2 protein chains.
Amino acid sequence: MPVAWSTKPLSQDTKRMSYNSPMKEARKMSDAAREAFQAAFGDRFSTTAAVREHHGADESPYPACPPEAVVFVRNTEDVITAVKLCNQYDVPLIPFGAGSSIEGHVLAIEGGVSLDMTEMNKVLNVSPEDFSVTVEPGVLRKQLNDEIRHTGLFFPIDPGANASIGGMTSTRASGTNAVRYGTMRENVISLKVVTADGKLIRTSSHARKSSAGYDLTRIFVGSEGTLGIIVEITLRVYPIPEAISAAICNFETLASAVQCVNQIMQTGIEIGRVEFIDAQGVKAANKYSNLSLKETPMLLFEFTGSASSVNEQIEIVQEITKDNGGMDFEWAQHQEDRNRLWTARHNLYFACLQLRPGARAITTDVCVPISRLAECVTDTANDLEGKPFPWSILGHVGDGNFHVLMMIDPESPEEWALAESMNNRVVQRAIEMEGTCTGEHGIGIHKMGFLKMEHGEDAIHMMRLLKHAYDPKNILNPGKMVSWDA
Amino acid sequence: MPVAWSTKPLSQDTKRMSYNSPMKEARKMSDAAREAFQAAFGDRFSTTAAVREHHGADESPYPACPPEAVVFVRNTEDVITAVKLCNQYDVPLIPFGAGSSIEGHVLAIEGGVSLDMTEMNKVLNVSPEDFSVTVEPGVLRKQLNDEIRHTGLFFPIDPGANASIGGMTSTRASGTNAVRYGTMRENVISLKVVTADGKLIRTSSHARKSSAGYDLTRIFVGSEGTLGIIVEITLRVYPIPEAISAAICNFETLASAVQCVNQIMQTGIEIGRVEFIDAQGVKAANKYSNLSLKETPMLLFEFTGSASSVNEQIEIVQEITKDNGGMDFEWAQHQEDRNRLWTARHNLYFACLQLRPGARAITTDVCVPISRLAECVTDTANDLEGKPFPWSILGHVGDGNFHVLMMIDPESPEEWALAESMNNRVVQRAIEMEGTCTGEHGIGIHKMGFLKMEHGEDAIHMMRLLKHAYDPKNILNPGKMVSWDA
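Residues numbered from 1 in each chain as written. Chains lettered and ligands numbered in written order. Predicted model: local features only at pLDDT ≥ 70, side-chain atom pairs only at ≥ 80, totals over all residues.

**Things to note about the overall build of chain A**
Next, step 1: The helix and strand tally for chain A stands at 18 helices and 19 strands.
Next, step 2: In terms of overall size, chain A behaves like a compact globule, its C-alpha atoms giving a radius of gyration of 22 Å where 486 residues would be expected to give roughly 23 Å.
Next, step 3: When the backbone C-alpha atoms are referred to their principal axes, chain A occupies close to 70 × 55 × 45 Å.
Next, step 4: Out of the 486 residues in chain A, the part that is buried amounts to 58%.
Next, step 5: Within chain A, residue pairs in contact and separated by at least 24 positions form 72% of the contacts whose partners lie at least 6 positions apart. (Helix = DSSP H or I, 4+ residues; strand = E, 2+ residues; numbered from the N terminus. Rg over C-alpha atoms; globule rule 2.2 N^0.38 Å. Buried ≥ 20, exposed ≤ 12 C-beta atoms within 10 Å, placed from the backbone. Contact = placed C-beta atoms within 7 Å.)

**Some thoughts on the confidence of the model for chain A**
Next, step 1: Per-residue pLDDT for chain A has a mean of 93; in total, 96% of the residues score no lower than 70.
Next, step 2: Scored as a whole, the predicted complex attains pTM 0.95, and scored at its interfaces, ipTM 0.95. (pLDDT = per-residue confidence, 0-100.)

**Some words on the relation of the copies chain A and chain B**
Next, step 1: Each copy superposes on the other: chain A lies on chain B with an RMSD of 0.0 Å after a rotation of 180° and an axial shift of 0.0 Å. What the superposition gives is, in effect, a two-fold axis relating one chain to the other.
Next, step 2: The share of interface residues of chain A whose copies in chain B are also at the interface is 99%, consistent with both copies meeting through the same surface. (Least-squares fit on C-alpha atoms with pLDDT ≥ 70 in both.)

**Some details on the interface of chain A and chain B**
Next, step 1: Contacts between the two partners involve 76 residues from chain A, matched on the other side by 75 residues from chain B.
Next, step 2: Looking at the side of chain A that touches chain B, the elements with two or more residues in it are α8 (184-187), β9 (200-202), α9 (216-220), α10 (254-266), α12 (307-323), α15 (370-384), α17 (448-455) and α18 (457-470) of chain A.
Next, step 3: Here the side of chain A that touches chain B takes 9 residues from α18 of chain A, the largest share from any one element.
Next, step 4: In terms of residue class, the side of chain A that touches chain B is made up of 26 nonpolar, 32 polar and 18 charged. (Nonpolar A, V, L, I, M, F, W, Y, C, P; charged D, E, K, R; others polar.)

**Section: the domain arrangement of chain A**
Next, step 1: Domain assignment breaks chain A into domain 1 (10-116), domain 2 (123-239) and domain 3 (243-432).
Next, step 2: Between the C-alpha centres of domain 1 of chain A and domain 3 of chain A there is a distance of 36 Å. (Domains from an automatic or database assignment.)

**Some thoughts on the sheet that holds strand β1 (residues 45-46) of chain A**
Residues and elements named next belong to chain A.
Next, step 1: Taken in spatial order, the 4 strands make up an open sheet running β1-β2-β4-β3, and their pairing is mixed. Where the open sheet ends on each side, the last strands, each with one partner, are β1 and β3 (93-96).
Next, step 2: The pairing of β3 with strand β4 (residues 113-116) spans 4 bridges and is classified as parallel. Bridging across to β4, Phe 96 finds its partner in Asp 116. (Pairing = 2+ DSSP bridges.)

**Points about the pairing of strand β12 (residues 243-250) of chain A**
Successive residues of a regular strand alternate their side chains across the two faces of the sheet.
All names here are of chain A.
Next, step 1: Counting buried positions over the 8 residues of β12 gives 6, a clear majority of the element.
Next, step 2: Bridge analysis of β12 against strand β14 (residues 298-305) gives 8 bridges, and the strand direction is antiparallel. Within the sheet, the bridge partner assigned to Ser 245 lies in β14 and is Phe 303.
Next, step 3: Inspection of the sheet shows β12 paired to strand β15 (residues 327-332) by 4 bridges, in the antiparallel sense. Bridge pairing links Ile 248 to Glu 330 in β15.

**A look at the environment of Glu 457 of chain A**
Next, step 1: Structurally, the position occupied by Glu 457 of chain A is in helix α18.
Next, step 2: For the pair formed by Glu 457 of chain A and Gly 439 of chain A, sequence separation is 18 residues and the distance between their alpha carbons is 21 Å.

**Digging into the packing of α12 of chain A against helix α12 (residues 307-323) of chain B**
Next, step 1: Following both chains from N to C, one finds α12 of chain A and α12 of chain B inclined at 175°, their axes separated by 10 Å at the closest point. In terms of orientation, α12 of chain A lies roughly antiparallel with respect to α12 of chain B. On α12 of chain B, the residues touching Ser 308, Ser 309 and Glu 312 of chain A of α12 of chain A are Ser 308, Ser 309 and Glu 312 of chain B. (Axes fitted to C-alpha atoms, helices over the stretch in contact; angles between N-to-C directions. Parallel < 35°, antiparallel > 145°, perpendicular 65-115°, else oblique.)

**Re helix α11 (residues 279-289) of chain A**
Residue and element names in this part refer to chain A.
Next, step 1: By the burial criterion, the buried members of α11 are Gln 280, Gly 281, Val 282, Ala 284 and Ala 285.
Next, step 2: Each element contacted by the buried residues of α11 is listed here: β13 (273-277), β14, α13 (335-346), α14 (348-353) and β18 (391-396).
Next, step 3: Just past α11, the residue Asn 290 takes up positive phi, approximately 55°.

**Let's talk about the nonpolar core**
Next, step 1: Judged by nonpolar contacts, the single largest core of 301 residues is most densely connected at Leu 299 and Met 406 of chain A together with Leu 115, Leu 299, Met 406 and Met 407 of chain B.
Next, step 2: Those residues in contact with Leu 115 of chain B that sit more than four places away from it in its chain are Val 71, Val 73, Val 79, Ala 82, Leu 93, Ile 94, Pro 95, Phe 96 and Ile 229 of chain B. (Core = buried A, V, L, I, M, F, W, Y, C linked by C-beta atoms within 7 Å.)

**Here we look at the packing of α17 of chain A against α18 of chain A**
Residues and elements named next belong to chain A.
Next, step 1: Across the interface, α17 lies against α18 with an axial gap of 6 Å and an inter-helix angle of 120°. One element, α17, and the other, α18, form an angle in the oblique class. Counting all contacts with α17, which are made through Leu 451, Lys 452 and His 455, the residues of α18 involved are Glu 457, Ala 459 and Ile 460.
Next, step 2: Partitioned by chemical class, the residues of the contact of α17 with α18 number 3 nonpolar, 1 polar and 2 charged.

**Quick word on the environment of Pro 239 of chain B**
Next, step 1: Checked against the element boundaries, Pro 239 of chain B lands in strand β11 (residues 238-239).
Next, step 2: As for Pro 239 of chain B and Arg 149 of chain B, which are separated by 90 residues in sequence, their C-alpha atoms are 9.8 Å apart.
Next, step 3: Apart from residues no more than four positions distant in its own chain, Pro 239 of chain B is found in contact with Gln 266, Thr 267 and Gly 268 of chain A together with Gly 152 and Leu 153 of chain B.

**Remarks on the sheet that holds strand β10 (residues 229-236) of chain A**
Residues and elements named next belong to chain A.
Next, step 1: Taken together, 5 strands build an open sheet; the order of strands is β5-β6-β10-β8-β9 and the sheet is antiparallel. Two strands lie at the open edges of the sheet, namely β5 (123-127) and β9, each paired on one side alone. Taken pair by pair, the neighbouring strands of this sheet meet at an average axis angle of 15°, ignoring direction.
Next, step 2: One ladder, built from 4 bridges, connects strand β6 (residues 132-135) with β10; its direction is antiparallel. The residue of β10 that forms the bridge with Thr 134 is Thr 234.

**Structural notes on the environment of Leu 394 of chain B**
Residue and element names in this part refer to chain B.
Next, step 1: Note on placement: Leu 394 falls in strand β18 (residues 391-396).
Next, step 2: On the neighbour-count criterion, Leu 394 (26 C-beta atoms within 10 Å) is buried.
Next, step 3: For the pair formed by Leu 394 and Val 404, sequence separation is 10 residues and the distance between their alpha carbons is 6.5 Å.
Next, step 4: Residues contacting Leu 394, with those up to four places away along its chain left out, are Glu 275, Phe 276, Ile 277, Asp 278, Gly 281, Leu 348, Phe 402 and His 403.

Dropping the structure here:
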């Protein structure tokens, strides 16, 4: 079952009603198609309203666009069968994992069938010597780490939600560990994919590196279900570090905190993680997680390695923070204190929601070259000043990636519109600074216009050529990422 | 001018004559095409025999396949002009950098024009704060490091030859630093590419990470000039480590050396580099570089980081080597000793050539999952036992990537055939072990059959669809990597 951040039944969810539906004209399933699915899947082919509604919504601001039916697949053979039927009967197919997308990836905007992958949730292989695991796409990230913990290995990619590995692969997800371990782009070794005509391919060998042909793996990573259906994922995993320590440091301004991180990175120290939280975010964390942190812009560090190298990192970082106006550098050596800080960071979304009971949080997601981050964050904060809702800026500052959370009144069309226009400004600014419209959340339907703005028509044309070549009938998650027509 | 490992004039190079020509039927340039090129490029359009012959050969075993003409481009506008003319007149176009390919990438097997990029050799931008540089494709890797050294940064990817960055991007190159810094796949941030119809695109923003659309960057990295012409490359660079130390350790067998590296990696220590050299290679290095290393299988380590972390790494590695039957662990703290060891490693190709004066070295290149490396290397050594030429196995052992150098008599068709059949066996074994037919050299024309063996027909079909979509007239380095027809 999907892990949703909202627990409100969709039919009572006013925010989804205040937003225009992105529904296009549905390509209706024929009776013959329905019968063929029924014959192939029996009661794993469902057309009940509740199941359809559930699969037609995600954490994006859009009203639900339910598919015509949902197919619950259990293995690769099921996926091949479903894809072949969709190909034969011209039925759109939308893969569905944890349902935690916030950009509208899973909405059935052209109708069709939702392919529920949640039962494909087995860890198929763990190879400690190769630092690799092979999983089915429905495995959730926390589940994966639970299942491999006994080997002394872990999988570092940690988006906010407990997303599925299939969804994370499809959106090129990352999280707080990317500065040290990279994103899904760097951590997928190989995929098995069912193509639009129902063939099963392996995108690459299991070697750590290869110069053998076009990089099919990277073509499918981040393709949001529009080029093929991922049925198996081989990932890199890493030894759990010998020593881990955390530290916090307060700053007068956003800009000085960001500059400080730049200087730390110039030394070549490999920090485990470094997160930026603004004063409002710290305030929210204090309240929600019962902490008593000083309520100014703050950096939250994690240092990993051997015991002595962790100590060394802390010394150097403490020195640099001092030079940059950092105050009250404190480090948490004990696991308990460290966990409390990082759990507070992971709960910031919920903490911020509590800043305004009954509110909805709208999240932006941009990434800029690090040299432009201080300016981008400062300009964004200036833009937000005086807005009629609480907001907070948090960021994976070592990557140049940051989010604005805006806690809006879901009953207010004005606040929805204002949040959307703030999102537009943040994205446009990031693109002007040679950054990207999405660091880790993906395009879905929400950012299709920005994708064009970022890449330009000619590059979008190259993306479209790829889509046309790999999905000539436009059945794979149609209407997402790149429009079919120019 | 290209940096070639061989200095023999091609016409006296018997090895090239003992090999069958891969030349296909040339698509002859029309008089109109010649006139149009002449008009656009003047004396930078050359049809002289020496220039053509030079551009039709690389370090592969094939006889030269000269293009019909060579165009010397100076900037992106020139490239666009050349591509548009090729598109208009249906003329094959082959980008040419340092000419150091060993798989036949630059041979004009269907005739056409060679696009000499060596004058596009400027470092366009260095951004220390972003750890990035932007270069033209003709910049050589050593030149790049010379030009940025004063910033305290370096670019780690180091194939054997002093290759061009454009060529390295096009073959997804790596080298001794990949275990620590990744390959070209991980280190290209963004590209500017001229498409087959002469449009200029940027493949991505300059953000360190992005989820914005299909990964156009990774589509062009490793595409060997068959999908577009790369005219600008933005790369990640890294701070030069504070401390660097080297160590060597001898082992009784190849297998025990490899197993030792596996155990070291299990600890999570981040080694700078670790290279494997067999007894024959050590012997060659002793002679060529005037060293007195013990002539058994050997590991050569590099440790980087802060002074104390380097010491810590050495301690742990020393301990593990001892547990694995390592002998005579010696470390070289002084830069001079360290450089001597690593220079000897980099000169191994030349050193091995001296094992048999007048010989030609044939190099294989496979990469397997690390868990299979010891077995793969041992089986390969057994295969080579008793062959009528000297050979040596060396490897980037932390990645599972290794090479066999076979020093054959270029006058002997039997030795050529034997070396080729050894290459076949090594590749087939690697593929059976879930590895790849090329870790870092690429496909070119030499490994097209192996590409199919590794990926299977259905995956090759996906590659072919991409080629057809991006190069519908088949003018970009035609006949390489993936055959046009099934």
